[in-house]
Amino acid sequence: MIPWQLIFTFACTKHCDLRTRSIMPEKKIIITIDGWSSCGKSTLAKQMAAKLKYTYIDSGAMYRAITLYFLRNHVDWTDARKVNRALKEINIEFSHNESTKASEIILNEENVEYLIRDLVVAEKVSEVAAIKEVREFAVKHQQEMGSKKAIVMDGRDIGTVVFPNAELKIFMTADKAIRVARRFRELYDKNPNVSLEEVKNNLEMRDYIDSHREISPLRKASDAIVLDNSNLTEQEQFQLAMKWANERIKP
Ligand code: DC
């Protein structure tokens, strides 16, 4: 090829590429973030959703809200009929809090975002989340919320069961001692009576139940990217995850 032909080909390729980029809308995708308890899944999910202007859904909050309802109403969750009856009384929605820029969970018109973080709920939530009827109820709801894409959802089975075709799946992990320390700090701010031992036991118990239950146990999806944040700052982990997201979004 003679030089002027080379220059013309290069200019045209560049021009066409720029034109395509500016005309083509960005692709809306589904991002799933699964992983062990207290890995910082929700922190990363919230940051990504804010940056991308996507909806953030905390699927664990749904299991926590259902547990809160069962505890308050003394529902015997070992009885499937009683569970089904109770689920018919439950309405779960998410509302956007403009001041915190985060979504908050509404259980039957009551904002329970703060209440569901209590250890009393944490002690029972893995048991409740292992119930078939509860999972069917929550998964259906989650899939409806993701039907228009542009969503970041975190949990345990989001990449494996809820959105198996998600464009970006992240599986988060971190050293157990680091996770315990993080959860302890978070709970201690709200309740200084909480002990490190209590937090460690609760975390170990939830990890065990979540990964050993019969239905939708915590697993890494075969096409998920592992993100071990034991030695990463929040900023480093965010930049890494955004790089993966942009690779899938940009035309
Ligand atoms: O993410 P979290 O700690 O708020 O979750 C609370 C509990 O809910 C956790 O013990 C496991 C369960 N869970 C689940 O089984 N499936 C999900 N998609 C999300 C949470």
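The structure we're discussing is the one just above.
On a predicted model such as this, the values are computed, not experimentally measured, just so you know.

What counts as what
Residues numbered from 1 in each chain as written. Predicted model: local features only at pLDDT ≥ 70, side-chain atom pairs only at ≥ 80, totals over all residues. Heavy atoms only, no water. Buried < 20%, exposed > 50% of the residue type's maximum accessible area, 1.4 Å probe, protein only. Helix = DSSP H or I, 4+ residues; strand = E, 2+ residues; numbered from the N terminus. Pairing = 2+ DSSP bridges. Lys, Arg positive; Asp, Glu negative; His and termini not counted. Salt bridge = Lys/Arg side-chain N within 4 Å of Asp/Glu carboxyl O. Polar contact = N/O pair within 3.5 Å; in protein donor to acceptor, adjacent residues only side chain to side chain. Contact = heavy atoms within 4.5 Å. Near = heavy atom within 4 Å. Areas by Shrake-Rupley, 256 points an atom, 1.4 Å probe, with all protein chains shown as cover. 1 Å grid on protein atoms, 1.4 Å probe; cavity = no way out; pocket = protein on both sides within 12 Å on 5 of 7 lines; lining within 4 Å. Sits in = over half its atoms within 2 Å of the grid points. Core = buried A, V, L, I, M, F, W, Y, C linked by side-chain atoms within 4.5 Å.

Asks: What am I meant to see in the pairing of strand β4 (residues 102-107) here?
Replies: Strand residues, when the strand is regular, have side chains that alternate between the two faces of the sheet. Burial within β4 is extensive, with six of its six residues counted as buried. Pairing between strand β3 (residues 92-97) and β4: six bridges, direction antiparallel. Its bridge partner being in β4, Glu93 is matched across the sheet by Ile106. Hairpin remark: β3 followed by β4, antiparallel, with four residues in the connecting loop; positive phi at Lys101, about 60°. Where β4 and strand β5 (residues 110-111) come together, two bridges link them in antiparallel fashion. From the neighbouring strand, Leu107 faces β5, where its bridge partner is Glu110. The antiparallel hairpin formed by β4 and β5 contains two residues in its connecting segment, where Asn108 sits at a positive phi of about 45°.

Asks: Whenever I open this one, the side chain of Arg64 confuses me. Can you help?
Replies: Topologically, Arg64 is positioned in helix α3 (residues 59-72). Despite its burial, Arg64 remains without a salt bridge, the nearest opposite charge being carried by Asp58 at 6.2 Å. In terms of polar contacts, Arg64 uses its side chain to reach the backbone carbonyl oxygen of Ile116, at 3.0 Å. If sequence neighbours within four positions are ignored, Arg64 has contacts with Ile116, Arg117, Val121, Ala122, Val125, Arg183 and Arg206.

Asks: When you look at the pattern of salt bridges in this model, what are you seeing that I'm missing?
Replies: Where side chains of opposite charge bring their charged atoms close, a pairing between them can arise. Taken as a whole and assessed by the stated rule, the structure comprises 18 salt bridges. When the shortest N-O distance is used, the salt bridge between Asp210 and Arg156 registers 3.3 Å. With a gap of 54 residues between them, Asp210 in helix α9 (residues 196-212) and Arg156 in the loop between β6 (151-155) and α7 (158-162) connect regions that are remote in the sequence. In terms of burial, Asp210 and Arg156 fall into one category: buried. A salt bridge links Arg179 to Asp207, with the shortest nitrogen-to-oxygen separation between them at 2.9 Å. You can see Arg179 sitting in helix α8 (residues 176-190) and its partner Asp207 sitting in helix α9, a full 28 residues away along the chain. Note on accessibility: Arg179 and Asp207 belong to one class, buried. In the salt-bridge network here, residues are joined through shared partners; they are Asp58, Glu113 and Arg117.

Asks: Help me out: how do you make sense of the site of the ligand in this one?
Replies: Around the ligand sit 16 residues, and of these Arg64, Ser126, Asp157, Arg206 and Arg213 come closest. Within the side chain of Arg135, a nitrogen or oxygen atom sits 2.9 Å from an oxygen atom of the ligand. Between Asp210 and the ligand, the recorded distance is 3.1 Å, taken from a side-chain N or O atom to an oxygen atom. Look at the ligand: alone it shows 440 Å² of surface, and the protein chains cover 96% of it. A molecule is said to occupy a pocket when more than half its atoms come within 2 Å of that pocket's grid points, and by this definition the ligand occupies the largest pocket. Of all the elements in the fold, those that place two or more residues in the shell around the ligand are α3, α5 (119-129) and α9. Top contributing element to the shell around the ligand by residue count: α3, with four residues.

Asks: Could you clarify how one ought to interpret the nonpolar core in this entry?
Replies: Looking at soluble globular proteins, one finds that nonpolar side chains tend to be buried together. Membership of the largest hydrophobic core comes to 35 residues, with the highest contact counts inside it found for Ile66, Phe70, Ile90, Ile92, Ile105 and Val134. Among the secondary structure elements, those contributing two or more residues to this core are α3, α4 (80-88), β4, α5, α6 (132-145), β6 and α7. Ignoring any residue separated from it by four or fewer positions in sequence, one finds Ile92 in contact with Met62, Ala65, Ile66, Ile105, Ile106, Leu107, Phe137 and His141.

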